[in-house]
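Residues per chain, in single letters:
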Amino acid sequence: MIPSDYVSTHPLDAFASRHIGPDASDRVQMLATIGVSSADDLIDQAVPASILMTEPLGLKSPRSESEVLAKLREIANTNTVRTSLIGLGYYPTNTPPVILRNVLENPAWYTSYTPYQPEISQGRLEALLNFQTLISELTGLEISNASLLDESTAAAEAMGMAHRVSTNESNIFAVHDDTHPQTIAVLQTRANVIGIQIALFPIDQLTSTDCFGVLVSRPATSGEIVGDASIRAIAEAAHTRGALVVCVTDLLASVLITPPGTLGCDIAVGSAQRFGVPMGYGGPHAGFLVTSEAHARALPGRLVGVSIDTEGRRALRLALQTREQHIRRDKATSNICTAQALLANIAGFYAAWHGRDGLVRIAKRIEQLTSAAVAALRSANFEVLNESWFDTVRVRVKNAEAVHHASLSHNILLRHIDSNTVGFSLDETSSPDTVVALLRSFDVDCTARSVAALCASSLTLGIPTADLRTDEFMTQIVFERYHSEHEMLRYLRRLADKDLSLDRTMIPLGSCTMKLNAAVEMIPITWPEFANIHPFAPLEDARGYVQLIAELEAMLVEITGYDAVSLQPNAGSQGEFAGLLAIGAYHSSRGEPQRRVCLIPSSAHGTNAASAVMAGMRVVVVNCDAHGNVDLDDLKLKCDSAGEALAALMITYPSTHGVFEQDVVAMCDLVHGHGGQVYIDGANLNALVGIAQPGNFGADVSHLNLHKTFCIPHGGGGPGVGPIGVKKHLAPFLPTHPLIDVLHGSASTTHPVGPVAGAPYGSAGILPISWAYISLMGDIGLRAATVQAIVSANYISKKLAPHYPTLYSGRGGFVAHECILDVRPITKLSGVTVDDIAKRLIDFGFHAPTVSFPVTGTLMVEPTESESLREIDRFCDAMIAIAHEASMITSGELTVDESPLRHAPHTIEDVVGEWDRTYSRQQAIYPLESLRSRMYYPPVSRIDAAYGDRNLMCSCEPLSHFAS
């Protein structure tokens, strides 16, 4: 038997003993409450013997924090940080130190969860509203979402949106051929499986193409700026045909050029990366999608809106929640259920820090430096191919390879185009010295002084006068007020103080695995050697990343039992999509393209069904039995019915009901016997690591949520990483990338499955976190974490059983790493709802568990291994106190409408104001004596979501609103 008690057999300074909350004596107490003799006894009873591992993971022994940082420093030092002028949508940028230290490196911002409980999320919701306002202001369109995964996937989402909204019945999506190659490739990946045809056209042919949508890039990948008149003509022609126009735009260029909305575009997409977010070898970065008010309800992703609370106070929350995937499932407009919230917040704060005038100065400086470089090159008789430009130009040369070789001697990376053409893109960090080094790569001699003189002269600029922006924008007070560090510092603190994050309290969200994100894991992501590498840099400059990626892939292969891993998917939703694409491509390669039926249990995550539809599959729901398990008889019936059309079964294991289903191997065998593949959703992998390997008990593919099991923080709703692991037969169908051949020196250009993200390795900049976590824990430490997560969930289940029965349990009455508490009996007797309990928990200083998923009227609780027994008991005490308050309603002492449960949460303003309620102020805010030392009070009371949806407002008020 593999030993479970890692902590008691290792030194007290071992990392695992600090990551795992309960110590050995705590665990004895917890096991006694559960009623088992040992942790091993619990595992043997809860987990099917057919899947239990009998040998330890083949990982290295645990390393200390200092050893891990030293090794990561060694790896980082093998990366070469150069001045990247590659462009292609990724640019060096300066992260203001006040934002770097107080947001990106601050657990108050990076450990918070998606703002589904808005009363305790007002700070991050305000920050996201700032971001939405920024995007709306710079693009000239009214409604922006709260960010998407990257620019390329945002373009794909826009294509899907145009297909839904357009009245044109064509299946053609017309794409400007001067668009970034990675974006075209992601569009192709999305389009291929759902019957959309991507057609590439030069800009002058986009007015005459019959299609449901047009995508134009402005500025284009070549750097050319399509003129205002041309864009207006394209929009007019498209609208005449019932088509929509999507504009891929650059936010910094939009400071200077006429915005897409003004030119008649219906949707704009792009990336906010260059607004203070490091390149990070490709991510994470905040993509965006913005549209007109007319199409607001077709918008994919999250949307922050303004509403009011019970006292009429202005309050923020996620708007139009019915679009969330767990509700819409196979009818969802998208499978995106995460955002890039942390990165969107950084971009919004960057814009607030600089304000409109600061952004204009930055943009004009870039245009001037680029124009100076163009003038110098033309004076030296080089052919600059661009007729217009903002920051990017192409230059004809005799020998491109020689120019690239010369640029390396000046520590500069240029863009590879062809044997006689090179490109470069300048950015915020560029200076006259940068231009000097750039020109010397072309053997043009100059000085920083001469470059500065050129910039100060009346040189020809790249943006035509007719295309310059002339309207007012970014007049909101948030972009006017915080230009000094003192003001910005206090603003960031005020916002953080409005929220509950892991730095304050346990977040017991079932299925979301809100575990410790240790500081040592976070430190390396801001090192320049990881942060400042372009995703398309030559491999010899990214040797550290190549090593880290290879080692992390090998770790995940060993943990999961699969044969290969792709780290490209930059969210769990994208991992699901990539895994299903692999299954579809595998079937097609075997001459069975008709296999398009995907079986999904009724309890599954909503993204499963949405992803299957996106992958061109037809969803068939499999019933669950009375115990919450997949109904094997119904599964057999659905397999038989699908016949030769069966593509896959998608299940979550342990199940979405928080149970180790005993028949998982039988399920896999049944599907394989009918010619299908088995997809196991990795959302609950935190209950399997070191105990069971999905790749060895029947699964063919899984996505792994690195932001859950492997400690990448949730960041208020993103970043996430959702790589997929596959068995050997699916490995040839992992996602590829159009520039991967260039990077790897391969001649191959044909791949069964294209990219699902803009960068070859997705959000590579945060992969050091998971590498560090696995290295720190080692083989035995990872298993000990899994065991403790299962112990903690069963402890909560048993301790709360007299008050809240656990809805589903497995063999012996045990759960996995989470439990579903049934509130319906309380609701039936008292009228108290799960929402009442969720809001009342705020008064106890807790984020609520997952509400009404996967079963309406329940709370799904996941404590993780990180929470101490003291914190777990504090949560249980709160839940028991709430149950007692509900019993007062049942006994007739007060009505539900008079109760603190229905009025929760209570703000300070509520309590110090006029008091006419039937319970005391003390009961409102100090329902337990221990809460007299509480330091958190919600800034608003319960929010009226319906009001916000009826009065949709999703950006900040203009400055004129405050004039009175």
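Parameters at a glance
Throughout this description, residue numbers start from 1 for each chain and increase along the sequence as written. In view of the model being predicted, local features appear only for residues whose pLDDT reaches at least 70, and side-chain atom pairs are presented and counted only at 80 or more, with totals across whole chains, interfaces and linings using the full set of residues. To get the side-chain values, take all heavy atoms of the structure and skip hydrogens and water. Numbering of helices and strands starts at the N terminus; helices are DSSP runs of H or I of at least 4 residues and strands are runs of E of at least 2. With the radius of gyration taken over C-alpha atoms, the globule rule is written as 2.2 Å times the number of residues to the power 0.38. Remark: exposure states derive from per-residue accessible area (1.4 Å probe, protein chains only) relative to the maximum for the residue type, with buried under 20%, exposed over 50%, and partly exposed in between. Throughout, a contact is declared for two residues whenever any of their heavy atoms are within 4.5 Å. His is not counted here, nor are the chain ends, while Lys and Arg score as positive and Asp and Glu score as negative. For charged residues, the charge sits on one atom: NZ in Lys, CZ in Arg, CG in Asp, CD in Glu. Here, strands pair whenever DSSP counts at least two bridges between them. To get an axis, a line is fitted to the C-alpha atoms, and for a helix only the part in contact is used. The angle between two axes follows their N-to-C directions and goes from 0 to 180 degrees. An angle below 35 degrees is treated as roughly parallel, one above 145 as roughly antiparallel, one from 65 to 115 as roughly perpendicular, and anything else as oblique. Here a crossing is taken to be left-handed if its near helix is turned anticlockwise relative to the far helix by less than a right angle, and right-handed if that turn runs clockwise. All residues other than Ala, Val, Leu, Ile, Met, Phe, Trp, Tyr, Cys, Pro, Asp, Glu, Lys and Arg, Gly among them, are scored as polar; the first ten of these are nonpolar and the last four charged. We place a 1 Å grid over just the protein atoms. Points where a 1.4 Å probe fits but has no way out form a cavity, open points with protein on both sides within 12 Å along at least 5 of 7 lines form a pocket, and any residue with an atom within 4 Å of a point lines it. Grid points are joined across faces, edges and corners, and a volume is the space filled by probe spheres set on the points. Within this analysis, the arc is defined by the directions that extend from the helix axis to the C-beta atoms. A pair is scored as a salt bridge if a Lys or Arg side-chain nitrogen falls within 4 Å of a carboxyl oxygen belonging to Asp or Glu. In plain words, nonpolar cores are sets of buried Ala, Val, Leu, Ile, Met, Phe, Trp, Tyr and Cys residues tied together by side-chain atoms within 4.5 Å. Note on handedness: a crossover is taken as right-handed if, strands pointing away from the viewer, the path from the first strand over the helix to the second is clockwise. Any N or O atom pair separated by 3.5 Å or less is treated as a polar contact, with the protein-specific requirement of one donor-capable and one acceptor-capable atom, and with residues adjacent in sequence counted only for side-chain atom pairs. Each residue carries a pLDDT score, the predictor's own confidence in it, on a scale running from 0 to 100. Centre distance within 6.5 Å is the pairing criterion for rings of Phe, Tyr and Trp, where only the six-membered ring of Trp is used; planes under 30 degrees apart are then read as stacked, over 60 as edge-to-face, and the remainder as tilted. Consider the ring centre and the ring normal. A charge sits over the ring if Lys NZ or Arg CZ is within 6 Å of that centre and within 35 degrees of that normal.

Visitor: Describe the overall build of the protein, naming the residues involved and giving the relevant values.
Guide: When helices and strands are tallied, the protein shows 33 helices and 26 strands. Here the protein has a C-alpha radius of gyration of 28 Å; the compact-globule value for 964 residues is 30 Å, and the two agree. By residue count, 65% of the 964 residues in the protein fall in the buried class. Across the protein, every contact between residues at least 6 apart in sequence was considered, and the portion connecting residues at least 24 apart equals 76%. Averaged over its 70 positive side-chain charges, the protein has a centre that lies 2 Å from the centre of its 101 negative ones.

Visitor: Residues and numbers for the sheet that holds strand β9 (residues 304–309), please.
Guide: Here we have 3 strands laid out as an open sheet, ordered β10-β9-β26, and antiparallel in their pairing. Of all the strands in the sheet, the pair left with one neighbour each is β10 (314–318) and β26 (943–944). As paired elements, β9 and β26 share 2 bridges and run antiparallel to each other. Pairing of Ile308 across the sheet is with Asp944, part of β26. Packing of helix α7 (residues 122–139) onto the sheet brings it into contact with β9, β10 and β26, and relative to β10 it is tilted by some 80 degrees.

Visitor: So what's going on with the packing of α7 against helix α12 (residues 341–379)? Residues and values would help.
Guide: One way to put it is that α7 packs onto α12 with a least axis distance of 8 Å and a crossing angle of 65 degrees. Here α12 runs roughly perpendicular to α7, going by the angle between their axes. Crossing of α7 against α12: the hand is left-handed. Between α7 and α12, the residues in contact are Arg124, Ala127, Leu128, Phe131 and Leu134 and Ala341, Ala344, Asn345, Ala347, Gly348, Phe349 and Ala351, respectively. Here the contact of α7 with α12 is composed, by residue class, of 9 nonpolar, 2 polar and 1 charged.

Visitor: An account of the sheet that holds strand β6 (residues 244–249) is requested, with residue identities and associated values reported.
Guide: The 7 strands are arranged β2-β8-β7-β6-β5-β3-β4 in an open sheet whose pairing can be described as mixed. Pairing within the sheet leaves two strands with one partner each, and these edge strands are β2 (143–144) and β4 (197–201). Here β2 pairs with strand β8 (residues 287–291) via 2 bridges, running antiparallel. Pairing of Ser144 across the sheet is with Val290, part of β8. Helix α10 (residues 228–240) rests against β5 (213–218) and β6 of the sheet, and its axis sits at about 170 degrees to β5.

Visitor: Just give me the short version of unusual backbone geometry, but keep the residues and values in it.
Guide: Residue Pro654 is reached from Tyr653 by a cis peptide bond, and omega for that bond is -10 degrees. Among the structural elements, Pro654 can be located in the loop between β19 (646–652) and α24 (664–673). A positive phi angle is found at Ser511, which is not glycine, with a value near 75 degrees. Topologically, Ser511 is positioned in the loop between α17 (485–497) and α18 (519–522). We classify Ser511 as buried; its relative accessible area is 4%. Even without being a glycine, Ser852 presents a positive backbone phi close to 55 degrees. Residue placement: Ser852 occurs in the loop between β24 (850–851) and β25 (858–861). Classification of Ser852 by relative accessible area gives partly exposed; the value is 25%.

Visitor: Please set out empty space enclosed by the protein residue by residue, giving values where relevant.
Guide: Under the counting rule described, the total for this entry stands at 10 cavities of 30 Å³ or more. The calculated volume of the largest cavity comes to roughly 240 Å³. Residues that form the lining of the largest cavity fall into these classes: 7 nonpolar, 11 polar and 5 charged. Among the residues making up the lining of the second largest cavity, the classes are represented as 16 nonpolar, 4 polar and no charged.

Visitor: An account of helix α2 (residues 24–34) is needed here, citing residue identities and associated values.
Guide: Two residues of an α-helix separated by three or four positions point the same way, owing to the 3.6 residues in each turn. Among the residues making up α2, those that are buried are Asp26, Arg27, Met30, Leu31 and Ile34. Looking straight down α2, one finds that the buried residues subtend no more than 130 degrees of arc, so they occupy a single side. For α2, the exposed residues lying more than 90 degrees away from the buried face are Ser25, Val28 and Ala32. Along its buried surface, α2 packs onto α3 (39–46), α26 (767–800) and α29 (869–890). Once α2 finishes, Gly35 follows within two positions and takes phi at roughly 95 degrees, a positive value.

Visitor: Break down the pattern of salt bridges for me, with residues and values.
Guide: Enumeration over the complete set of coordinates arrives at 38 salt bridges. For Arg218, the salt bridge is made with Asp228, and the minimal N-O distance between the two is 2.4 Å. Pair noted here: Arg218 is in strand β5 and Asp228 is in helix α10, with a separation of 10 residues, a long-range link. Here Arg902 ties to Asp897 by a salt bridge, and the two come within 3.1 Å at their closest N and O atoms. Through salt bridges with shared partners, a single network forms among Asp309, Arg313, Glu909 and Asp910.

Visitor: For the environment of Tyr926, give the residues involved together with the corresponding values.
Guide: The residue Tyr926 is located in the loop between α32 (921–925) and β26 in this model. With 82 residues separating them along the chain, Tyr926 and Phe844 place their C-alpha atoms 7.9 Å apart.

Visitor: Go over the nonpolar core, please, and point to the residues and values.
Guide: Within the largest apolar cluster, 233 residues are counted, with the highest numbers of intra-cluster contacts made by Phe275, Phe424, Phe442, Ile774 and Tyr804. Broken down by element, the residue count for this core peaks at 22 residues, all from α12. Ile774 has contacts with Leu59, Leu552, Met555, Leu556, Ile559, Phe710 and Leu782, leaving out every residue within four places of it along the chain. Among the nonpolar cores identified, the runner-up in size contains 35 residues, and Ala156, Ile198, Phe212 and Leu289 belong to it.

Visitor: An account of the pairing of strand β20 (residues 677–682) is requested, with residue identities and associated values reported.
Guide: The two faces of the sheet receive side chains in turn, since in a regular strand these alternate between them. β20 sits mainly inside the fold: 6 of its 6 residues count as buried. As paired strands, β19 and β20 are joined by 5 bridges and run parallel to one another. Bridging from a neighbouring strand, Leu649 pairs with Val678 of β20. For the segment spanning β19, α24 and β20, crossover handedness is right-handed.

Visitor: Describe helix α5 (residues 97–104), listing the residues and the values that go with them.
Guide: Burial in α5 covers these residues: Val98, Ile99, Asn102, Val103 and Leu104. Down the axis of α5, the buried side of the element spans an arc of 160 degrees, and every buried residue falls inside it. Facing away from the buried side of α5 by over 90 degrees, the exposed positions are Pro97 and Arg101.

Visitor: Describe in detail the side chain of Asn629, supporting the description with residues and values.
Guide: Secondary-structure assignment places Asn629 in the loop between β18 (618–622) and α23 (632–642). Dropping the residues within four chain positions of it, Asn629 is found in contact with Asn623, Cys624, Val659 and Glu661.

Visitor: With reference to specific residues and values, describe the side chain of Thr95.
Guide: Mapping Thr95 onto the fold places it in the loop between β1 (83–84) and α5. Within the local environment of Thr95, its side chain forms a polar contact with the backbone oxygen of Gly276, the two atoms lying 2.6 Å apart. With residues up to four places along the chain from it excluded, the contact list for Thr95 reads Leu100, Gly276, Val277 and Pro278.

Visitor: Describe the confidence of the model for the protein, and please don't skip the residues or the numbers.
Guide: The predicted model of the protein averages 94 in pLDDT, with 95% of residues at 70 or higher. Here residues 959–964 is modelled with pLDDT under 50, and outside its nearest four sequence neighbours on either side it reaches 6 contacts, counting other chains as well.

Visitor: Go over the packing of aromatic side chains, please, and point to the residues and values.
Guide: Evaluation of the coordinates by the stated rule reveals 17 aromatic pairs. Taking the centre distance of 5.2 Å and the plane angle of 45 degrees together, the rings of Phe275 and Tyr350 count as tilted. Note that Phe275 is positioned in the loop between β7 (267–271) and β8 and Tyr350 in helix α12, a separation of 75 residues in sequence. Residues Phe275 and Tyr350 agree in their burial class; the two are buried. Ring geometry for Phe349 and Tyr491: centres 6.2 Å apart, planes at 90 degrees, overall edge-to-face. You can see Phe349 sitting in helix α12 and its partner Tyr491 sitting in helix α17, a full 142 residues away along the chain. Cluster of aromatic residues (ring-pair linked, three or more members): Tyr281, Trp527, Phe530, Tyr545 and Tyr761. Over the ring of Phe473 we find Arg356, and its NZ or CZ is 4.1 Å from the ring centre.

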